Every structure is written in structure tokens, then in C-alpha cells.
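Analysis of the macromolecular model
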Amino acid sequence: MNKISKWRTLLLISASLLFLPSYSNADYYKSYDDLKEHELLNEDYEINYKQRNSVISVIAIHGGGIEPGTSEVAKGLANQIDYSYYLFEGIKPTNNKILHLNSLRFDEPIGRSMAENSVSALSIHGYQGIEPIIYLGGRNREYKEMIRYSLQKRGFQVEDAPADIAGTSKKNIVNDNQLKAGAQLELTEELRKSFFKNNDWSRKNRENTTAIYDKFIEGLKEASDSYEIKLLLSTP
């Protein structure tokens, strides 16, 4: 794509965003192929991942500026527990939400392949909300309940995800694994802001995490450790 075409596309996108509510299900792009025709890798978005051949992979397909805070949770947990991770991150100065591809249609090849080759997966998402709540979804009931227990005992508010973000479709990337079942967390804006000093989730401040973030990662690590042990013990 040349620069003139790119700027023309950006103007059309900016106009369309005026009519899309936050967290709308109406994604601008219908597939990764569609997105990459109009957006530049390493200028508008980044793909960051590390393959460790772990039983569970941690993914944030709406990372960076798309749903701020999700990348930091996914990568922070994965690095502590030595899991594979995948981040699709918006790095535009503005309008990062245009890069949102919903979990059913998300088909970037590296991310899909990592999910497919995992036994199960944990997907970190952002959601609206002025209260610090974790909405729990996905098809992996055992993993979800371990997460619920570990987070609740640390004082976090955990609720079942409403139907529109429940993550129960078999086409959802979080369930596209060997078990056909993963765990999906939707973290409200208020909760994600609390992960960073002064509630500032701007790109320049996201490396400055808080004790709340540490406690959250600790809870996810405990749950993931317990679930992985259960998986290994049940393997013939």
C-alpha cells in the first residue's frame, strides 16, 4: 500500500469510527487478510510471541492500544510460568480499536497455529465497566473454576460472563485447541487501569505496574499451575 492510499483509508476509517460505539461487535475488518491490506505491520500493529511448547498458551489478540492492559497480563503471566504467549498489538497513535478482530474471526496464522497446537488456552480481553470486575468465559469449566477460586481468594470480583462475551463458540480462538476448550477473561476498564501507576494505561506508562497487577498475575499463576498438574496427572 502506498502512503496516499493509506491516508485515504485512515480518513475513511476515522469517519466510520464516529458511528461505532465502544466495544461494538461490528468490526471494521472482516479478516486478517483484510486488515493487512490497509494496515502496516510494525507501524500500525505488531505481532509479538514466544513459542515455548507449553501445555497452555496465553493469548491477547486485542493487545497494545486495542484493549490496553491485556498484553501486559498475558505476557507477564506467560513469562512467570514459562508458557507460550501471543500478542496482537495496536500501536497506532489513535484509533487502535479499528484493529479489533473478534475471537471467532481472528485468523492471523501465527496466533491460530499457536492456539491449535496447545492443549488448552487462556485468552485475555478488555471490556467496558467502571467497577473492577473479571468476567469469566470459555468452554474449559475446570480451568475457569480454578481461576475463579484463585482470584476470589485474593479479593477480586469474578462473575460469569454475559452471553455476548461468554466465549463458548467452538470457533473462538480460545477454544480452538486440542481439548476444544479454553478460558476467556474479560477485564473491565477500571480493573485494567488499576494495574498501572496513577491509573494511567497510556503506552508510555504500561511498564509501571502496581501491587494489584502483581496480585492478579499471582492468582492466574496459581490457577494455571494447578490446572496444568491436573492435566499431566490425567495423561495416560
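The model shown is predicted, which means the values in this text are computed figures rather than measured ones.

At a closest axis distance of 8 Å, the pairing of helix α5 (residues 141–152) and helix α7 (residues 211–234) adopts a crossing angle of 145°. Judged by the twist between their axes, the crossing of α5 over α7 is right-handed. Listed contacts from α7 to Glu142, Tyr143, Met146, Ile147, Ser150 and Leu151 of α5 are Phe216, Gly219, Leu220, Glu222, Ala223, Ser224, Ser226, Tyr227 and Lys230. Among the residues forming the contact of α5 with α7, the class breakdown is 8 nonpolar, 4 polar and 3 charged.

Among the 8 residues in strand β4 (residues 120–127), 8 count as buried, and that is most of the element. The two faces of β4 match: Ser120, Leu122, Ile124 and Gly126 on one face and Ala121, Ser123, His125 and Tyr127 on the other face are all buried. Here strand β2 (residues 56–64) runs beside β4; their pairing, made up of 4 bridges, is parallel. Counterpart to valine 58 in the pairing with β4 is leucine 122.

A few words now on the side chain of lysine 144. Checked against the element boundaries, lysine 144 lands in helix α5. Beyond its immediate sequence surroundings of up to four residues, lysine 144 is in contact with Leu136, Gly137, Gly138 and Ala183.

Before going further, it helps to examine α7. One turn of an α-helix holds 3.6 residues; hence residues three or four places apart share an orientation. End to end, α7 covers 35 Å across 24 residues, agreeing with the expected 34 Å (1.5 Å per residue, within 8%). Along α7, the residues classified as buried are Tyr213, Phe216, Ile217, Gly219, Leu220, Ala223, Ser224, Tyr227, Glu228 and Leu231.

It is worth spelling out the environment of alanine 115 at this point. With respect to the helices and strands, the residue alanine 115 is situated in helix α4 (residues 109–116). Separated by 56 residues in the primary sequence, alanine 115 and isoleucine 59 have C-alpha atoms spaced 8.3 Å apart. Among residues more than four places away in sequence, those in contact with alanine 115 are Ile173, Asp176 and Asn177.

On to the pattern of salt bridges, then. Inspection of every chain in the model, using the stated rule, returns 14 salt bridges. A salt bridge links aspartate 33 to lysine 36; the nearest nitrogen and oxygen atoms lie 3.5 Å apart. Linking aspartate 33 with lysine 36, this pair stays in helix α2 (residues 32–36), spanning 3 residues, or about one helical turn. Relative accessible area serves as the criterion here: at 41%, lysine 36 is assigned to the partly exposed category. Taken together, the shared-partner salt bridges connect Lys153, Arg154, Glu218 and Glu222 into one network.

Conventions adopted
Residues numbered from 1 in each chain as written. Predicted model: local features only at pLDDT ≥ 70, side-chain atom pairs only at ≥ 80, totals over all residues. Heavy atoms only, no water. Axes fitted to C-alpha atoms, helices over the stretch in contact; angles between N-to-C directions. Helix = DSSP H or I, 4+ residues; strand = E, 2+ residues; numbered from the N terminus. Left-handed = near helix turned anticlockwise from the far one by under 90°. Contact = heavy atoms within 4.5 Å. Nonpolar A, V, L, I, M, F, W, Y, C, P; charged D, E, K, R; others polar. Buried < 20%, exposed > 50% of the residue type's maximum accessible area, 1.4 Å probe, protein only. Pairing = 2+ DSSP bridges. Expected span 1.5 Å × (residues − 1). Salt bridge = Lys/Arg side-chain N within 4 Å of Asp/Glu carboxyl O.

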